[in-house]
Amino acid sequence: MRIDIITIFPELFKPFLQFGIIKKACEKNAVDIQTFDLRNYATDKHQMVDDYPYGGGPGMVLKPEPIWRALDELPHPRRVVFLTPQGQTFDQEKAWELSQEKNLALICGRYEGIDERVREKLVDEEISIGDYVLNGGEVPAMVIMEAVIRLLPDVLGDEDSVVGDSFYQGLLDHPHYTRPEEFKGQRVPQVLLSGDHKKIANWRKKERLRQTLLKRPDLLKKANLDSE
Ligand code: JDQ
């Protein structure tokens, strides 16, 4: 998969791409991530990427031409996503959907947003990462990349497979324990020490349901439950 990011702050992505699973995914060529600095696509000699809003009011708006010119360099076919509080809320299902794309372009706005005309002509989809206000689309772009890249083939080893994830089948995760067996008077549930793999799987299944019912009952409506 190729992911292209259009931003006025490409530097923000550098540390994000240099560590952990994302770094490994890039090294394995499971994903090819490029950042495009909007400033390099400005059309005037002062490299202006923003301008005053028509109609007046506070703040600035990202000009249409640089965004258009940057997108002009990106491969087809592609899905162009604009991060905005006005978008559909991102979730695990959307992450699976985006992970199927060959080319994904993420447009990060700043200030008051982007000129409506590029949004209309070039954006396929608007995505929000939640109902709160950020200063720009860079952090949302990182959230989406992190959720999508870990779903790509060969990115996660068997060790931390997506089958064990929270939200796999739409349920929360079961509790986890590691050594020591007793910590400040609290013991690890006996079943986990039993070595009985069937019993352990059953306990975890029950716990996933219990945790979901207790903490996020709303998720149960959409959960992928088996007859058991
Ligand atoms: C931009 C802004 C106008 C906020 C400018 C570009 N989920 C989510 N929250 N916030 C964003 C996404 C987001 C994304 C891109 C952004 C915020 N802003 C600031 C401009 C109204 C509200």
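Cut-offs and rules
- Residues numbered from 1 in each chain as written.
- Predicted model: local features only at pLDDT ≥ 70, side-chain atom pairs only at ≥ 80, totals over all residues.
- Heavy atoms only, no water.
- Helix = DSSP H or I, 4+ residues; strand = E, 2+ residues; numbered from the N terminus.
- Rg over C-alpha atoms; globule rule 2.2 N^0.38 Å.
- Contact = heavy atoms within 4.5 Å.
- Areas by Shrake-Rupley, 256 points an atom, 1.4 Å probe, with all protein chains shown as cover.
- Lys, Arg positive; Asp, Glu negative; His and termini not counted.
- Charge placed at Lys NZ, Arg CZ, Asp CG, Glu CD.
- Salt bridge = Lys/Arg side-chain N within 4 Å of Asp/Glu carboxyl O.
- Buried < 20%, exposed > 50% of the residue type's maximum accessible area, 1.4 Å probe, protein only.
- Near = heavy atom within 4 Å.
- Polar contact = N/O pair within 3.5 Å; in protein donor to acceptor, adjacent residues only side chain to side chain.
- Nonpolar A, V, L, I, M, F, W, Y, C, P; charged D, E, K, R; others polar.

1. Focus: the overall build of the protein
- Broken down by element type, the protein carries eight helices and nine strands.
- At 22 Å, the protein has a C-alpha radius of gyration far larger than the 17 Å of a compact globule built from 228 residues.
- By principal-axis analysis of the C-alpha atoms, the protein measures approximately 70 × 40 × 40 Å.
- Across the protein, the fraction of contacts at a sequence separation of at least 24, relative to all contacts at a separation of at least 6, is 75%.
- Total accessible area on the protein stands at roughly 14500 Å², and carbon and sulfur atoms take up 50% of it.
- Where the 32 positive side-chain charges of the protein centre and where its 38 negative ones centre are 5 Å apart.

2. Observations regarding the pattern of salt bridges
- For the structure shown, the criterion picks out 19 salt bridges.
- Notably, a salt bridge pairs Lys-94 with Glu-125, separated by 2.4 Å at the nearest N-O pair. Placement of Lys-94 in helix H4 (residues 92–98) and of Glu-125 in strand E7 (residues 125–128) is noted, with a sequence separation of 31 residues between them.
- On the basis of relative accessible area, Lys-94 is assigned to the buried category, the value being 16%.
- In this structure, Arg-119 engages Glu-126 in a salt bridge whose closest nitrogen and oxygen atoms are separated by 3.4 Å.
- Linked by salt bridges that have partners in common, Arg-79, Lys-94, Glu-97, Glu-101 and Glu-125 make up one network.

3. Observations concerning the site of the ligand
- Taken together, 17 residues surround the ligand, and among them Leu-83, Ile-129, Gly-130, Tyr-132 and Leu-134 come closest.
- Between the ligand and Gly-130 there is a distance of 3.1 Å, counted from a nitrogen atom to a backbone nitrogen or oxygen.
- Note that a nitrogen atom of the ligand is positioned 3.1 Å from one of the backbone N or O atoms of Leu-134.
- Relative to its unbound accessible surface of 480 Å², the ligand loses 85% to contact with the protein.
- In terms of residue count, strand E5 (residues 79–89) provides more of the shell around the ligand than any other element does, three residues in total.
- Its residues placed into classes, the shell around the ligand shows eight nonpolar, seven polar and two charged.

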